[in-house]
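Next come the chains, spelled out residue by residue.
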Amino acid sequence: MRQSQLFTKIERNAPKDEATVNAQLLARGGFVSKLMAGVYSYLPLGLRVLNNIENIVREEMDAVGGQEISMPIIHPKSIWMTTGGWDKIDVLFKVKSRTEKDYALGQSEEEVVTPLVMKYVNTYRDLPKAVYQINWKFRDELRSKSGLLRGVEFLMKDMYSFHETQEDFERYFAEVKKAYFRIYERLGLTAKATEASGGSFTQKISYEFMVLTDAGEDDILYCDACEFCVNVEIAKEKEGDKCTRCGKGTLAKAKASEVGNVFDLGQKFVKDFDVTFTDKEGNKRHPIMGCYGIGISRLMGVIVEKYHDEGGIVWPGAVAPFAVHLLSLNGADGEKIYETLQNAGVKVLYDDREATPGEKFASADLIGIPWRMVVSPKLLAEGGNKVEIKRRSEKDSQTVGLEEALKIIK
Ligand SMILES: [Zn+2]
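Residues numbered from 1 in each chain as written. Predicted model: local features only at pLDDT ≥ 70, side-chain atom pairs only at ≥ 80, totals over all residues. Heavy atoms only, no water.

A. The overall build of the protein, seen in detail. Each helix and strand counted, the protein has twelve helices and 23 strands in total. In terms of overall dimensions, the protein has C-alpha extents of about 80 × 60 × 45 Å along its principal axes. With 410 residues in all, the protein has 51% of them scored as buried. In the protein, 66% of the contacts between residues at least 6 apart in sequence involve partners at least 24 apart. Across the protein, the centroid of the 57 positively charged side chains sits 0 Å from that of the 61 negatively charged ones. (Helix = DSSP H or I, 4+ residues; strand = E, 2+ residues; numbered from the N terminus. Buried < 20%, exposed > 50% of the residue type's maximum accessible area, 1.4 Å probe, protein only. Contact = heavy atoms within 4.5 Å. Lys, Arg positive; Asp, Glu negative; His and termini not counted. Charge placed at Lys NZ, Arg CZ, Asp CG, Glu CD.)

B. The coordination of the zinc ion, seen in detail. Here the zinc ion is held by Cys223 (SG), Cys226 (SG), Cys243 (SG) and Cys246 (SG), and the distances to it run 2.2 to 2.4 Å. Sequence positions of the residues that donate to the zinc ion give the spacing C-x2-C-x16-C-x2-C. With Cys223 in strand β11 (residues 218-223) and Cys243 in the loop between β12 (229-231) and β13 (251-266), this residue pair connects regions lying 20 residues apart in the sequence. Across this residue pair, the class does not change: Cys223 and Cys243 are buried. (Donors = N, O, S within 2.8 Å, 3.2 Å for Na, K, Ca; no water.)

C. Focus on the packing of aromatic side chains. Tallying each qualifying case throughout the model produces twelve aromatic pairs. Among the aromatic side chains, those forming a connected cluster through ring pairs are Phe169, Tyr172, Phe173, Tyr207 and Tyr292. Directly above the aromatic system of Trp86 lies the positively charged group of Lys94, at a separation of 4.8 Å from the ring centroid. Above the face of the Phe269 ring, Lys268 is positioned so that its terminal group lies 5.5 Å from the ring centre. (Phe/Tyr/Trp six-rings, centres within 6.5 Å; stacked < 30°, edge-to-face > 60°. Lys NZ or Arg CZ within 6 Å of the ring centre and 35° of its normal.)

D. Examining the sheet that holds strand β6 (residues 102-105) more closely. If you trace the three strands from one edge of the open sheet to the other, you get β4-β6-β5, paired in antiparallel fashion. In this open sheet, the two edge strands, each paired with only one partner strand, are β4 (74-76) and β5 (93-96). In this sheet, adjacent strand axes meet at a mean angle of 40° when their direction is disregarded. As paired elements, β5 and β6 share four bridges and run antiparallel to each other. Paired with Lys94 across the strands is Ala104, a residue of β6. (Pairing = 2+ DSSP bridges. Axes fitted to C-alpha atoms, helices over the stretch in contact; angles between N-to-C directions.)

E. Quick peek at the pairing of strand β19 (residues 324-328). Most of β19 is tucked away, with five of its five residues classed as buried. Across the two faces of β19 the burial is the same, with Val324, Leu326 and Ser328 and His325 and Leu327 all buried. Relative to strand β20 (residues 348-351), β19 runs parallel, the two sharing four bridges. When the bridges of β20 are listed, Val324 appears paired with Val348. Crossover handedness for the path β19 to helix α9 (residues 335-343) to β20: right-handed. Here β19 runs beside strand β21 (residues 371-375); their pairing, made up of five bridges, is parallel. When the bridges of β21 are listed, Leu327 appears paired with Val374. (Right-handed = clockwise from strand over helix to strand, strands pointing away.)

F. Molecular detail of the sheet that holds strand β23 (residues 397-401). Strand order in this open sheet of five strands is β20-β19-β21-β22-β23, and the pairing throughout is mixed. Edge positions in the sheet fall to β20 and β23, since each has one partner strand and no second. Neighbour to neighbour, the strand axes of the sheet diverge by 25° on average, direction disregarded. In the sheet, strand β22 (residues 386-391) pairs with β23 via five bridges, with the strands oriented antiparallel. Directly across from Glu388, in β23, lies its bridge partner Thr399. Strands β19, β21, β22 and β23 of the sheet are contacted by helix α12 (residues 402-409), whose axis makes an angle of about 125° with β23.

G. Focus on the pairing of strand β7 (residues 129-138). With respect to burial, β7 is a largely interior element, eight of its ten residues being buried. Bridge count between β7 and strand β8 (residues 153-163): ten bridges; the pairing is antiparallel. Along β8, the bridge assignment pairs Lys137 with Phe154.

H. Broad picture of the confidence of the model for the protein. Looking at the protein as a whole, its pLDDT mean stands at 94, while 98% of the residues score no less than 70. Within the model, pLDDT remains below 50 along residues 198-202, and this stretch shows twelve contacts once partners closer than five positions in the same chain are excluded. (pLDDT = per-residue confidence, 0-100.)

I. Quick look at the pattern of salt bridges. In total, this model carries 27 salt bridges according to the counting rule given. When the shortest N-O distance is used, the salt bridge between Arg2 and Glu335 registers 2.9 Å. In this pair, Arg2 sits in the segment before α1 (21-28) while Glu335 sits in helix α9, placing the two residues 333 residues apart along the sequence. Arg2 sits in the partly exposed class, given a relative accessible area of 24%. (Salt bridge = Lys/Arg side-chain N within 4 Å of Asp/Glu carboxyl O.)

J. The arrangement of the nonpolar core in detail. Phe31, Met300 and Trp315 are the most contacted members of the largest nonpolar core, which totals 58 residues. When near neighbours in sequence (up to four residues on either side) are disregarded, Trp315 contacts Leu26, Phe31, Val49, Met300, Ile303, Val304, Ala320, Pro321, Ile367, Gly368, Ile369 and Pro370. Formed by 26 residues, the second largest nonpolar core is a distinct cluster that contains Met71, Val91, Leu265 and Val270. (Core = buried A, V, L, I, M, F, W, Y, C linked by side-chain atoms within 4.5 Å.)

Spelled out as structure tokens, the structure:
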């Protein structure tokens, strides 16, 4: 893509109404544009990042047998009355139609998915089933000041599974937990799983996946020697205490952002909707249910909080909007190189704007594409199709032939 044709532009200054690093850098780099607190437009660069995160999540959900569907965002009040969520969930976004009918906007979709899936489950032979969607969700937030970390409108993957027995549920629950760790690893994030209470749903055990970041809204205690991690809100321990789990490590306190959760829903929703299947003995029974969420747009914000320096964003390769940022300096003709990169299947943003080298370097740092490739009259004069390449995450550049550069980048 040619940068001269991108409809977004680099902003020199951070927007005054954004307090967090992720919101400031994403707005300045032209990834997102704020409509109101907690609600953003995703611009060409930003949508590419969002799609990359989404695809990693999709691959891992497909790998554990999840089947992708798309469910409605607007729901009738009646299904939320059936489960008690209408009165219990304070962040449930409620809207009224012109005929004074009440509706809710989805913030989690047990109310839709439970009757939907069970419509097609008659006997134990139809179980287990796992379905998921990647869709926009809404929360009626009072304050939304953390950029993409806490949206009123946000993109989320929500999966729901239905099982014949508790054992089968637990087997699947463990499998999804592993898939979650794979997702975070692929995104370049180290996540810790905290045991948490099931919130408004259930008193059963559930896990929240936390990424350590100073922009996070949760405080956690974690062991420096084992995997033990707990939210300070429910912890019995204090910072500096010895870890009771392994007996070796010490507990440290840190700020963290929740990037996913897995809940054992038990039979709460299947009983609310009275959906059953016929077991091997011919008896009608309620299945066991689990739900598994990952905040996709929030992850984009968390990645920026973790991967940035004073110059801008430093995207991990797996989610970067492009692989190479090609800059032509001082009127050098970069067209041939742009074409060669594209023909080699390299995703490239070509800075063909009329701008000073200083402006182009600053914009490359801000946008944060993993490789910067420079072509200049001086390099061209050296002959042999020479370019200068540099990793966004490193200081030193190297001058090599284009063929060699392609090998290094790939
Ligand atoms: Zn420990």
